[in-house]
Amino acid sequence: MSSKPTILVCDDSILARKQLSDVVRHFMPDSNIVEAADGQKGVELFKENKPSLTFLDLVMPVMDGISAIREMKKINSKANIVVVSSIGTKSELKQAIEAGAMDFIQKPFSVDQIKMLLESYFKED
């Protein structure tokens, strides 16, 4: 039984990564937060760290979010991936869900949105 859940935050914006990491840290102080600045690095960190939950932007350099979701799902078909993106066209949203994303949060996100999401993923059984 692992003591600390690992959460991967993957976004090319350092500000977005910091904001999201800070909110997660606030509600889950015992979590291990890993950050990536592009989809390719996100997939590498996903493989290494086996996160309980992954937050992923769609528009990133090297590898976009949709491709990253597909790669992560190949590594772990049960991966919990949440897209956090400012661009949410219907077709991209549909692609993200088809690729295996579980949820979508529009940027700018609210602290309450992240809190509710964390509570739903890490609720006590």
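A brief report on the enclosed structure follows. (Residues numbered from 1 in each chain as written. Predicted model: local features only at pLDDT ≥ 70, side-chain atom pairs only at ≥ 80, totals over all residues. Heavy atoms only, no water.)

Side note on the pairing of strand β4 (residues 81-85)
Of all 5 residues making up β4, 5 are buried, and the element is well covered by its neighbours. Neither face of β4 is left uncovered, since the one carrying Ile 81, Val 83 and Ser 85 and the one carrying Val 82 and Val 84 both have all their residues buried. With 3 bridges joining them, strand β3 (residues 53-56) and β4 adopt parallel strand pairing. Bridge pairing in β4 links Phe 55 to Val 82. After leaving β3, the chain enters helix α3 (residues 65-75) and then returns to the sheet as β4, a path that is right-handed. Sheet topology note: the β4/strand β5 (residues 103-106) ladder contains 4 bridges and is parallel. For Ser 85, the partnering residue across the bridge sits in β5 and is Gln 106. (Buried < 20%, exposed > 50% of the residue type's maximum accessible area, 1.4 Å probe, protein only. Helix = DSSP H or I, 4+ residues; strand = E, 2+ residues; numbered from the N terminus. Pairing = 2+ DSSP bridges. Right-handed = clockwise from strand over helix to strand, strands pointing away.)

Structural notes on helix α1 (residues 14-27)
For α1, spanning 14 residues, the distance from its first C-alpha to its last is 20 Å, which sits close to the expected 20 Å at 1.5 Å a residue. All of the buried residues in α1 are Ala 16, Arg 17, Leu 20, Ser 21, Val 23 and Val 24. Down the axis of α1, the buried side of the element spans an arc of 160 degrees, and every buried residue falls inside it. In α1, those exposed residues whose orientation departs by more than 90 degrees from the buried face are Ile 14, Leu 15 and His 26. Those residues of α1 that are buried are in contact with β1 (6-10), β2 (32-36), β3, β4 and α5 (111-121). (Expected span 1.5 Å × (residues − 1). Arc of directions from axis to C-beta. Contact = heavy atoms within 4.5 Å.)

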